[in-house]
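The chain contents come next:
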Amino acid sequence: MTLPAAILSRSIACISLLAAAALGCDRPGRAAGTAPAPAGATPAPAASGAEQAADGGATPAAPAHAAALAARAAPLRAEAPLVEIAVEGFPSAVVSVPIGATARRPVLIASHGNYDRPEWQCEVWRGIAGGDAFILCPRGVARSDSPSASDVRFTYESNARLEQEIDAGLAALRARFPEHVDPGPVLYTGFSLGAIMGSAIAARRASLFPRLVLVEGGHDKWTPAAAKAFADGGGQRVLFVCAQAGCGAAAAAAAARLEKAGVLTRVVRGKEAGHRYDGPVAEETRRALGWALEGDARWSSP
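Numbering of residues starts from 1 in every chain and runs along the sequence as written. In keeping with the model being predicted, local features are shown solely for residues with a pLDDT of at least 70 and side-chain atom pairs are shown and tallied solely at 80 or more, while totals for entire chains, interfaces and linings include all residues. Side-chain figures throughout are based on the complete set of non-hydrogen atoms in the structure, without hydrogens or water.

1. Observations concerning the overall build of the protein
Numbered from the N terminus, helices here are DSSP runs of H or I no shorter than four residues, and strands are runs of E no shorter than two. Regarding its fold elements, the protein presents nine helices and 10 strands. Looking at the 302 residues of the protein, the share that counts as buried comes to 50%. Using the Shrake-Rupley algorithm and a 1.4 Å probe, accessible areas are obtained, with residue cover drawn only from the displayed protein chains. Accessible surface, the protein: about 12700 Å² in total, of which carbon and sulfur atoms supply 57%. Only protein chains enter the accessibility calculation, which uses a 1.4 Å probe; a residue whose area is less than 20% of its type maximum is buried, one above 50% is exposed, and one in between is partly exposed.

2. Topic: the packing of aromatic side chains
Only centres within 6.5 Å qualify two rings of Phe, Tyr or Trp (six-membered ring in Trp) as a pair; their planes then separate them into stacked at under 30 degrees, edge-to-face at over 60, and tilted for everything else. Evaluation of the coordinates by the stated rule reveals four aromatic pairs. With a centroid separation of 5.7 Å and an interplanar angle of 80°, the aromatic rings of Tyr188 and Phe209 are classed as edge-to-face. Placement of Tyr188 in strand S7 (residues 187–191) and of Phe209 in the loop between helix H6 (193–204) and strand S8 (211–215) is noted, with a sequence separation of 21 residues between them. The exposure classification of Tyr188 matches that of Phe209, with both residues buried. Above the ring of Phe154, the side-chain terminus of Arg139 is found at 5.2 Å from the ring centroid. We call a charge positioned over a ring when the NZ of a Lys or the CZ of an Arg lies within 6 Å of the ring centre and within 35 degrees of the ring normal.

3. Concerning the packing of helix H5 (residues 159–176) against H6
Geometrically, a packed helix pair is captured by the angle between its two axes and the distance between the axes. Here, axes are lines fitted to C-alpha atoms. For helices the fit covers the stretch in contact, and angles between N-to-C directions go from 0 to 180 degrees. It is the contact of H5 with H6, at a shortest axis distance of 9 Å, that shows an interaxial angle of 70°. Between H5 and H6, the interaxial angle falls into the category roughly perpendicular. Together, Asn159, Ala160, Leu162, Glu163 and Ile166 of H5 and Met197, Ala200, Ile201 and Arg204 of H6 make up the contact between the two elements. Note that Gly is not counted as nonpolar here; it falls among the polar residues with everything else outside the nonpolar set of Ala, Val, Leu, Ile, Met, Phe, Trp, Tyr, Cys and Pro and the charged set of Asp, Glu, Lys and Arg. When its residues are assigned to classes, the contact of H5 with H6 shows six nonpolar, one polar and two charged. Should an angle fall under 35 degrees it is called roughly parallel, over 145 degrees roughly antiparallel, and 65 to 115 degrees roughly perpendicular, with every other angle called oblique. The contact criterion used is simple: two residues touch if any of their non-hydrogen atoms lie within 4.5 Å.

4. Quick notes on H6
Over its 12 residues, H6 extends 18 Å from the first C-alpha to the last, a length consistent with the 16 Å expected when each residue adds 1.5 Å. Counting buried residues along H6, 11 of its 12 residues qualify, which places the element largely inside the surrounding structure. Residues of H6 that are buried include every one of Leu193, Gly194, Ala195, Ile196, Met197, Gly198, Ser199, Ala200, Ile201, Ala202 and Ala203, and no others. Looking at the packing, one finds that the buried side of H6 touches strand S3 (107–111), strand S6 (154–155), H5, S7, S8 and helix H7 (224–232). Take the residue count of a helix, subtract one, and multiply by 1.5 Å to get its expected span.

5. Concerning the pattern of salt bridges
Salt bridge criterion: a side-chain nitrogen from Lys or Arg within 4 Å of a carboxyl oxygen from Asp or Glu. For the structure on display, the rule yields 19 salt bridges. Residues Arg205 and Glu163 are paired through a salt bridge, measuring 2.6 Å at the closest nitrogen-oxygen approach. Note that Arg205 is positioned in the loop between H6 and S8 and Glu163 in helix H5, a separation of 42 residues in sequence. One salt bridge connects Arg287 with Glu283, and the closest N-O pair in it is separated by 3.8 Å. Placement of both Arg287 and Glu283 in helix H9 (residues 279–293) is noted, with a separation of four residues, approximately one turn of the helix. Residue Arg287 is classed as exposed on the basis of its relative accessible area of 54%. Since its relative accessible area comes to 15%, Glu283 is described here as buried.

Below you can see the structure in the form of structure tokens.
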């Protein structure tokens, strides 16, 4: 994937500007912060009366949301691949929409780093994951030290506040596209600060976020207790993507704790590219994404 030069320059600018910021994107050494069947699995056909008699009982009803997946809707229409949606109680979110979709499509959360923008995350993740899913990019709060009024940068106040913003964003997304948003589990992805806060959120909300992609961050919060809570809650897979040596070592340690708890993990260590999520890091993420989604039929269906 070839990404706009503007995004590359913004990522480089983030690195230099963060050195003077009160809260860095993900400074080294800074503390951070599925077992159920795939939500999109297609239910087996109902048994005939004779088959039910042979089994000694009726065939169980299919899960309500699985049945909803089979319904067809009018092709999704939007003014552009990236749109803004109003979020109650929070600033607007940016969403990459699956234009033309006629079935319910899964949702990917893309949480940005500190001194970052949701538009950049959505643009990069659309390139990584493609245009067949919803990508919800929460905005957070504006930083007072943004470069200018026309170049406002954002951060997140706390993982609890980000969790509330994600819940409100999902509600707004479902209200905006009621016939197209899949009601099942959500893929959580985060870069730097977004990864740090996301690991804490997922540890207590594993049923909603059973699969994670954490880029350049989100390692230190995976204590044995957090790893066990994630596994016990239904956590399935965690993909760590690193472009710096320090990140790789921390991710390997976190992966070992998660594996011990019963969660599948993978650490992707690309070439030294600095603290960024675009360019070569995005390409490494794209190559590994299939592993994170393996077994979830919603992501492979048309």
